[in-house]
Amino acid sequence: MNYLRRLQSEQPVLFWLGLALAFWLGFQLLLFVAQLLLGPFGLPGWAPLVLVLVVLVVIARRQQRSR
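What you are looking at is a predicted structure, and each value in this text was computed from that prediction instead of being measured.

What counts as what
- Residues numbered from 1 in each chain as written.
- Predicted model: local features only at pLDDT ≥ 70, side-chain atom pairs only at ≥ 80, totals over all residues.
- Heavy atoms only, no water.
- Helix = DSSP H or I, 4+ residues; strand = E, 2+ residues; numbered from the N terminus.
- Buried < 20%, exposed > 50% of the residue type's maximum accessible area, 1.4 Å probe, protein only.
- Expected span 1.5 Å × (residues − 1).
- Arc of directions from axis to C-beta.
- Contact = heavy atoms within 4.5 Å.

**Quick word on the environment of Val 50**
Now for step 1: You can see Val 50 is positioned in helix H3 (residues 47-65).
Now for step 2: Residue classification places Val 50 among the partly exposed residues on the basis of a relative accessible area of 38%.
Now for step 3: A sequence separation of 16 residues divides Val 50 from Ala 34, and the C-alpha atoms of the two residues are 9.7 Å apart.

Put into structure tokens, the structure is as follows:
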């Protein structure tokens, strides 16, 4: 964790590019898993994206309620 804090203060551009890349890869992985789960049901192509977004919204709402 100290490595990330030091990277953020010494090279903020590299830190934010790495963070953006990590979020993008994580979202792509979530979409891939959703496509694997929903593929056999013959749903439209946008269904995995909607599923991932709904799950993220539900998680965000639960986190706000717990405060």
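**Side note on H3**
Now for step 1: Its 19 residues give H3 an end-to-end C-alpha distance of 27 Å, which sits within 8% of 27 Å, the value for a rise of 1.5 Å per residue.
Now for step 2: When H3 is considered as a whole, its buried residues turn out to be Ala 47, Pro 48 and Val 52. Buried residues of H3, seen end-on, are gathered within an arc of 140 degrees and therefore sit on one face of the element. Exposed and oriented more than 90 degrees from the buried face of H3 are Arg 61, Gln 64 and Arg 65.
Now for step 3: As for H3, its buried residues are in contact with helix H2 (12-38).

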